[in-house]
Each structure stands twice: as C-alpha cells, then as structure tokens.
Amino acid sequence: MFAAERRQLILEMVRANGAVSLRELARVVQTSEVTVRRDVRALEAEGLLDRRHGGAVLPGGFTRESGFPQKSHLATAEKTAIADLAAGLVEEGEAIVVGAGTTTQELARRLARVPGLTVVTNSLLVAQALAHANRVEVVMTGGTLRGSNYALVGSGAEQSLQGLRVSKAFLSGSGLTAERGLSTSNMLSASVDRALVQAAAEVVVLADHSKLGTDTMFQTVPTDVITRLVTDESPAHDDRAATELQALADQGVQIAVAGASGGGGANGGGPSGASGAESVARQQRRDVPLPGPRRQVPGAAAGLRSAAALSEQNGGTERARVADMRRR
C-alpha cells in the first residue's frame, strides 16, 4: 500500500471512530507501528488529526469523547487481559463499586463468577453483565442517563452514593498521567467518578497502555489517591509509556501488568487457585540472586597453610626452650 493510500485509510478510521490506537491502525493498514506513527505525524502537520500518546484523534480531541460504539472496538485484546487480571483482585463476599466504561464492562463479565459479591455501579453495561449472575447483588445509583456511554450521571447519581462505604473502586477513564492522575473528557462523568472514589477504601484504575501519558479535560482521581493501576504490556519501543509507569510507581502507585511474566490473569479471575493479590505480588516480585560461594584469592589457601605450619614450628621451638630452662 502506498503512503498516500495508507494515510487516507488512517484518516478515515480516525474520522469514523474519533480516536484510534496506533496498534489498531497498524493492524488495519498491515504495517508496523513505526510506519503508522510517521504517517500520523504527517497528517497532524497538515492539521487533519491530533496525535495522542499511543494513538490519534480528531482535531480538538483534547475535549472530545468517543461514544460506546467506537470505544468498544478499540484495544479489545488489551481490555480483556486487563479485566482478567483485575477480576482476580476481588474476593468472595466483597462490596465494591465499578464505574462506567468498556474496560469495566469486561471486568463485570468476569465478576459474575465471584459468589457473595455486592457491586454498586452507575453503568447500565456493568449492571447488564451481572444481571443473571448467581449470588451477585447489583446496586444501581440514581441519576440521569447519559446515552453515549450508558451511564447514570448528575446530582441524583452523586447523592445516592453519599454515606456509602466499600472496599474497592474500579474505574477507567480517557487518560492517565503521573502529574494529574486519571482524567476524562466529560464533566458529568468525572463528577460521578469522584463520588465513587470517595466511597472506597482502595482505588484501582484500569487503563491500557495507549492511555498512559494522555491528559484530558477533567481530573477524576489524583495520583496520590490511586492505590493500584492494572494495565497491559506496552510495545518495546514505547518509551513514553514506560516512563509514565515509572513515574506513577515513584508516587506510590502499585503497578500490575497483564501479560507480564508470572501472571496476567492466569487464574481466570475466579476465586479458585491463587488469589489475585498473590498473582499481582508474583508479577511485582523481583528475585534477588543468593550469594554464591566466597571467592578465594589464588594462593590464599597455600598461604594460610604455610602460616599455620610456621606457627606450629615456632610453637615447638618455644616449648623446647622452656623445657631446657627448667632442666637448668
């Protein structure tokens, strides 16, 4: 495919979806992410789109939010891996809150297997995923329906969360940076998410690598309030994502990477087997090599033997001298 054809297809995908990841663009145009990144840079120079970390958006995308149909087709494999790992963090009998989003919807599908669970949510998609789950109680907030993401927002939703206390909150958003934390493009959604956070003892953010380093209009969760981030493995050349992860870790956020060695949803998100916390701990644990046998300097053993022999010889001479003096 010629560069002009490739760039036209990229532009059409961004116009149709509002935002598209570089990985998805590379898959559709059947080329490398390095080539796609170069194409996106050229299209941005012409004012046809805006670059974002890990993807591209329509001009003015800083304030634009894609609707559910567009989001549901972006980074599907990454969302699945993240949801698998995050579900393992939920224990039987817990009470949690789950915010709106396509990643949290994937999480909800896995939570249907956790018995005795109580889930408070403002998302119709999350509630639908749990509607037929045995022994899972779903509590919906009030509020006004926001059709673009099937979520309840507004003062009614926020007031229904007052006085609530749960163990964990699971949230996603439009962007995540170490400087501002989690953010979203819609003021009403951000306000409800903040109310969800206030009800939880721990805050778990679900964000694929394309959202790392992306900043949007309304702050949802400051970095110092985020307990844990569950994300996916970023491409090897994505230095910005790695830098952002390190910056988040430096501020005390626990990082769990789906697909990393030692886990990534191996226990399927269910209650059987190792717990999700143990799985995450295995991923974060670094094996420190045990010290090997002490190294000896060549000739040291011989030197020690010679010193011992000399000491013994001197000791014998001294004993003989003392005996001779006694005889005198």
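Because the structure is predicted, anything quoted here is derived from the model rather than measured.

The rules behind each value
- Residues numbered from 1 in each chain as written.
- Predicted model: local features only at pLDDT ≥ 70, side-chain atom pairs only at ≥ 80, totals over all residues.
- Heavy atoms only, no water.
- Helix = DSSP H or I, 4+ residues; strand = E, 2+ residues; numbered from the N terminus.
- Expected span 1.5 Å × (residues − 1).
- Buried < 20%, exposed > 50% of the residue type's maximum accessible area, 1.4 Å probe, protein only.
- Pairing = 2+ DSSP bridges.
- Axes fitted to C-alpha atoms, helices over the stretch in contact; angles between N-to-C directions.
- Contact = heavy atoms within 4.5 Å.
- Parallel < 35°, antiparallel > 145°, perpendicular 65-115°, else oblique.
- Left-handed = near helix turned anticlockwise from the far one by under 90°.

Peer 1: Which residues make up helix α5 (residues 76–87), and what values do they have?
Peer 2: Between the first and last C-alpha of α5 there are 16 Å, a value that for 12 residues agrees with the 16 Å anticipated at 1.5 Å per step. Residues of α5 that are buried include every one of Glu 78, Lys 79, Ile 82, Ala 83, Leu 85, Ala 86 and Ala 87, and no others.

Peer 1: Could you give an account of the sheet that holds strand β11 (residues 181–184), with specific residues and numbers?
Peer 2: What the 3 strands build is an open sheet, ordered β10-β11-β13; its pairing is antiparallel. Only two strands of the sheet have a single neighbouring strand rather than two, namely β10 (175–177) and β13 (218–221). Ignoring strand direction, the axes of neighbouring strands in this sheet form an average angle of 40 degrees. Across 3 bridges, the pairing between β11 and β13 is antiparallel. Note that in β13 the partner of Ser 183 across the bridge is Gln 219. The strands touched by helix α9 (residues 187–198) are β11 and β13; relative to β13, the strand with the most contacts, the crossing angle is about 20 degrees.

Peer 1: Lay out the packing of α5 against helix α6 (residues 102–111) with the relevant residues and their values.
Peer 2: The N-to-C vectors of α5 and α6 enclose an angle of 50 degrees; their axes lie 8 Å apart at closest approach. One element, α5, and the other, α6, form an angle in the oblique class. Seen from above, α5 lies across α6 with right-handed handedness. Of the residues in α6, those in contact with Lys 79, Thr 80, Ile 82, Ala 83, Asp 84, Ala 86 and Ala 87 of α5 are Thr 102, Thr 103, Glu 106, Leu 107, Arg 110 and Leu 111.

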